Amino acid sequence: MILPDKLIQKAKSELKNWNQTSLSVLELSHRSAEYLSIHNKLLNDLRMLFNIPKNYQVMLMQGGATLQYSAVPMNLLNKNETAGYIVTGKYSQQAYEEAKKFCDPKIIALGEVPREDITYIFYVDNEMADGIQINQLSHCDDKIVVCDMTSSFGSKIINVEKFGCIFASLQYNLGIPGLCIVIIKDELIGQSDRTIPSMADYQLMKKNNSIYNTIPCYNVYITGLLTEYLLEIGLQQVEQEQLNKAKLIYDFIDKNQEQFSCHCSHINLRSNNSIVFYSNSDLHITNLFDSDIMIVEGNKITIQITIHTTIQKLEQVCQQLIL
């Protein structure tokens with residue numbers, strides 16, 4: 001991911017001496033008062049940023065979204081229960097395959113009325129590898145909805161009350177690899193009749209304020225800086241900027257249809273976070289703009305738009321693609 005320069009400078013200035021302690025955050029004990037001030041502030045700031053109701057827990061976990069693909073069925077399903085999975089790409093398929101280890105999951109088509117025996121519905125908000133984003137689910141108001149928001153978390157306003165559980169690995173918008181945020185309704189915690197490994201147990205994480213084991217303190221610190229940054233800007237502005245950036249790329253594709261075609265033909269499912277399209281001719285990679293936000297695989301192009309990606313950077317990428 002690309003971090004804002006002013007945050008990198010702040011982290012750099014505090015690297016050897018955080019808050020006049022003469023210690024780096026890298027050196028703080030995860031159970032010290034100094035670290036706990038960073039930890040608890042982040043949890044409170046996340047509540048403010050996403051307007052998280054009091055009857056939801058906010059937890060900091062490790063293992064990325066991949067661990068959550070196991071943790072969700074273990075925590076939310078009893079041994080005789082099942083769940084429904086909306087499979088729209090690579091990551092929802094991965095979650096579905098993981099769920100098979102704990103239940104007999106059912107694949108649900110987007111827009112399909114879920115079966116009566118389904119305990120929760122799972123989907124991935126934004127499929128990075130496929131350029132598909134689900135902005136709204138229908139026919140699910142009477143079901144627990146679980147969502148992997150890894151690549152969109154922090155880029156838009158979320159109505160948390162519509163979900164039973166939201167989780168996001170933070171390497172895209174709100175952090176560096178190694179930390180995962182879980183937002184879950186209190187009433188869903190501790191209800192499973194399964195034996196759950198400690199690192200995946202939501203009840204254990206809640207009881208220990210997400211510090212059951214040694215937490216990656218520096219990751220928490222960086223996410224804290226980014227959360228403060230977003231609180232200053234406001235999610236409404238961030239969301240509008242994200243829409244503007246995505247529109248720039250889609251307009252570019254539409255204006256150059258003789259050369260490029262969009263992977264997702266359904267306009268309402270096109271991602272605002274990862275835009276996948278194809279070149280109708282071979283791309284000469286050596287001539288392409290050297291960018292951390294663009295992935296080229298053969299004639300497939302993926303442009304990853306985080307909240308920190310600038311319009312100017314996207315314009316440069318577009319100019320280079322048509323040279």
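Residues numbered from 1 in each chain as written. Predicted model: local features only at pLDDT ≥ 70, side-chain atom pairs only at ≥ 80, totals over all residues. Heavy atoms only, no water.

- Per an unreviewed UniProt entry, the protein chain carries the name phosphoserine transaminase and comes from Paramecium octaurelia.
- Checking UniProt for the protein chain, the heading Pathway (unreviewed entry) contains the comment "Amino-acid biosynthesis; L-serine biosynthesis; L-serine from 3-phospho-D-glycerate: step 2/3."
- For the record of the protein chain, the UniProt heading Cofactor (unreviewed entry) holds the text "pyridoxal 5'-phosphate". (UniProt positions renumbered as here; feature names shortened; annotations may be inferred.)

### A few points about the side chain of S24
Piece 1. Within the secondary structure, S24 is located in the loop between α1 (5–13) and α2 (33–50).
Piece 2. With relative accessibility at 5%, the residue S24 sits in the buried group.
Piece 3. In terms of polar contacts, S24 uses its side chain to reach the backbone amide nitrogen of L26, at 3.0 Å.
Piece 4. Every residue in contact with S24, bar those within four places of it in the chain, is listed here: L15 and K16. (Helix = DSSP H or I, 4+ residues; strand = E, 2+ residues; numbered from the N terminus. Buried < 20%, exposed > 50% of the residue type's maximum accessible area, 1.4 Å probe, protein only. Polar contact = N/O pair within 3.5 Å; in protein donor to acceptor, adjacent residues only side chain to side chain. Contact = heavy atoms within 4.5 Å.)

### Description of the sheet that holds strand β12 (residues 294–297)
Piece 1. Pairing is antiparallel in the open sheet, where four strands are placed in the order β10-β11-β13-β12. Two strands lie at the open edges of the sheet, namely β10 (260–262) and β12, each paired on one side alone. For this sheet the average axis-to-axis angle between neighbouring strands, irrespective of direction, equals 25°.
Piece 2. For β10 and strand β11 (residues 274–279), the ladder comprises three bridges, and the chain directions are antiparallel. Bridged to S261 within β11 is Y278. (Pairing = 2+ DSSP bridges. Axes fitted to C-alpha atoms, helices over the stretch in contact; angles between N-to-C directions.)

### Some points on the side chain of S271
Piece 1. Among the secondary structure elements, S271 is positioned in the loop between β10 and β11.
Piece 2. The buried category is assigned to S271, whose relative accessible area is 0%.
Piece 3. Within the structure, the side chain of S271 is placed 2.4 Å from the side chain of N126, a separation counted as a polar contact.

### Some points on the pattern of salt bridges
Should their charged atoms come close, side chains of opposite charge can pair.
Piece 1. According to the stated counting rule, one finds 11 salt bridges in the structure shown.
Piece 2. When the shortest N-O distance is used, the salt bridge between K106 and D104 registers 2.6 Å.
Piece 3. Ionic pairing is found between K247 and D251, a salt bridge with its closest N-O pair at 2.7 Å. Of this pair, K247 and D251 both sit in helix α7 (residues 235–255), four residues apart, which is roughly one turn of the helix.
Piece 4. Owing to a relative accessible area of 27%, D251 belongs among the partly exposed residues under this scheme.
Piece 5. Through salt bridges with shared partners, a single network forms among K41, D45 and E228. (Salt bridge = Lys/Arg side-chain N within 4 Å of Asp/Glu carboxyl O.)

### A few points about the nonpolar core
Piece 1. Judged by nonpolar contacts, the single largest core of 52 residues is most densely connected at F50, L60, F153 and Y221.
Piece 2. When residues of this core are assigned to their parent elements, the largest contribution, nine residues, is made by helix α6 (residues 217–233).
Piece 3. If we ignore the near neighbours within four places in the chain, the residues touching L60 are H39, L42, L43, L46, L179, C180, I181, S210, I215 and V220. (Core = buried A, V, L, I, M, F, W, Y, C linked by side-chain atoms within 4.5 Å.)

### Observations concerning unusual backbone geometry
Piece 1. Even without being glycine, Q20 reaches a positive phi, approximately 60°.
Piece 2. One can find Q20 in the loop between α1 and α2.
Piece 3. Even without a glycine there, the phi angle at S22 is positive, about 65°.
Piece 4. Secondary-structure assignment places S22 in the loop between α1 and α2.

### Things to note about the environment of Q136
Piece 1. Tracing the chain through its elements places Q136 in the loop between β6 (132–133) and β7 (144–148).
Piece 2. The class for Q136 is exposed, based on a relative accessible area of 70%.
Piece 3. Along the chain, Q136 and D125 lie 11 residues apart, while their C-alpha atoms are 9.0 Å from each other.

### Examining the packing of aromatic side chains
Piece 1. Under the counting rule described, the total for this entry stands at 10 aromatic pairs.
Piece 2. Their ring planes at 65° and their centres at 6.1 Å tell us that Y69 and F167 sit as a pair that is edge-to-face. With Y69 in helix α3 (residues 64–76) and F167 in strand β8 (residues 165–169), the pair connects residues that are 98 residues apart, well separated along the chain.
Piece 3. For Y69, a relative accessible area of 3% corresponds to the buried category. (Phe/Tyr/Trp six-rings, centres within 6.5 Å; stacked < 30°, edge-to-face > 60°.)

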